[in-house]
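Architecture and fold: a report
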Amino acid sequence: MELPLAFTDYMHALLGSEEYDKLVAALDEEQPVSIRLNEEKLQASSFGRFRASLRKVPWSATGCYLNNRLSFTFDPLFHAGCYYVQEASSMFVEQALKQYVAQEPVAMLDLCAAPGGKSTLVRSLLPEGSLLVANEVVRSRSRILAENLTKWGHPDVVVTNNDPVDFSPLDGFFDVILTDVPCSGEGMFRKDPVAVSEWSPGNVEICRQRQHRIIADIWPCLKPGGILIYSTCTYNTKENEKNIRLMQKDLGAEVLPLQVPADWNITGNLLTGEDFPIYRFLPHKTEGEGFFLAVLRKPGQGNGNVWAEQSCTRDITSVLYGQRDDNQRVRGRKPVDKGTKSSGSVKEQLAVLRGWLTAPDEYEFLTHGDNLSAFSKELLPRLSALRSSLRIVQAGIGIAELKGKDWVPAHALAMSTALNRAAFVCEEIGSEQAIAYLRKETVVLPETAPRGVVLLTYQHIPLGFVKNIGNRANNLYPQEWRIRSGYMPEEISELAGLL
């Protein structure tokens, strides 16, 4: 790998000759491939078998290294949200949450979240009843973030598309903020040749200034006593230790230590004369890419979870239909059961829709145009506050879309861990049919399959819905998520094949 001369001079001075030579040698080696398993979707026995058959990432309870890269594009379990392909070093965020986030519900913001690796990680770790707000400033990337979080399946997530300054009205709103800030990308040199070509000392300075602005904008939104996790995928001290030192000096932040076993080979502070704890991953010492993390606490005492103390008592029928008269209908249309024609009162049809969730009483049903979603009743006050200031991409669980006289279940419902599978007829399909479905091609079901909406499963994991009309099944997979590649490898390596 041909590295920029200014970078080699800087890193040589920072690490010394011996360590620098080891770093350069590591950058010429093959990049390790790692995934993180979704314990909520894999049954307990399957999760245990996968963990036993794969080499573990030391600092992650669900992270694993792969000896050989899987055919991710053609693995139905990847599309079903059973695992996420994530760089191993970045999974270290898990340690900050486990050691400093209490077991009581919190509101957490992942500020620079796309494509969603850290968001899916922290959502799996937060205490039950917590809310995760995952934000991305670039609109196109916010859609990718929403897709990945939908596939991961946890219901208590809000995806936003905002600049950090847009959060300023939410003073003291968040208990935890993760700022995986945009950086010069030195730690990605091995996997991204573009990062090498775009690197320059001037770009490092631009990144430092941007990082400083991001922290200044979002710091007021962290409640007193709250935790901010700062991370980058770069090596230099300008974007790392020096930024932490400024947060200490200008914001009064307390830099917190993490308990880290010595055999993880994580490198500490590289600033001479400073002893605050930071955690740097170097690819010649740890199996992964370059990564930096520090944990900071905002001074002062928090005043409790004030938003969670509020309540919302709106009647669910009035929220869904705008009124309570069972004989009235929305714009002359009415919901239907599993894609069939409507009959009965609004309450009867509402009972069907509610039955699509395992614990419907925990959710408020909300409409946006012809789309129906569900959001945790306990977290509605927080959602209301977010809506007053931010652009919401999606919130909670997508339930259904009203098409003509039919309520058609949303793909997000199939992906959600709150899905009540017993509410639908399920049909197990094989790999060939699963890939056809994910390409949004026609799926043919057995003659014994009933007509109407059918939930397809692969390896007994929900994959999505079709509407069986007899001679064929209409594919309800989202058009924008389909596998676009017309290429089919001769051999497909799937997660299921590792058992």
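Because the structure is predicted, anything quoted here is derived from the model rather than measured. (Residues numbered from 1 in each chain as written. Predicted model: local features only at pLDDT ≥ 70, side-chain atom pairs only at ≥ 80, totals over all residues. Heavy atoms only, no water.)

**Focus: the UniProt feature "active site" (unreviewed entry) in the chain**
Look at the UniProt record and you will see "active site" (unreviewed entry) annotated at Cys233. One can find Cys233 in the loop between strand S9 (222-232) and helix H10 (241-251). Discounting residues that sit within four places of it in the chain, Cys233 has contacts with Cys183, Gly185, Glu186, Gly187, Met188, Gly290 and Phe291. (UniProt positions renumbered as here; feature names shortened; annotations may be inferred. Helix = DSSP H or I, 4+ residues; strand = E, 2+ residues; numbered from the N terminus. Contact = heavy atoms within 4.5 Å.)

**Thoughts on helix H13 (residues 380-387)**
Residues three or four positions apart in an α-helix share a direction because the helix packs 3.6 residues into each turn. Where burial is concerned, most of H13 is hidden: six out of the eight residues are buried. When H13 is considered as a whole, its buried residues turn out to be Leu380, Pro381, Arg382, Leu383, Ala385 and Leu386. (Buried < 20%, exposed > 50% of the residue type's maximum accessible area, 1.4 Å probe, protein only.)

**Re the pattern of salt bridges**
Under the criterion given, the structure shown has 20 salt bridges. The salt bridge partner of Glu19 is Lys285, with a shortest N-O separation of 3.7 Å. Pair noted here: Glu19 is in helix H2 (residues 17-27) and Lys285 is in the loop between strand S11 (279-281) and strand S12 (291-297), with a separation of 266 residues, a long-range link. Of the charged contacts in the structure, one is a salt bridge between Arg297 and Glu254, with a shortest N-O distance of 3.3 Å. Taken as a pair, Arg297 in strand S12 and Glu254 in strand S10 (residues 254-256) lie far apart in primary sequence, 43 residues in all. Judged by its relative accessible area of 28%, Arg297 falls in the partly exposed class. (Salt bridge = Lys/Arg side-chain N within 4 Å of Asp/Glu carboxyl O.)

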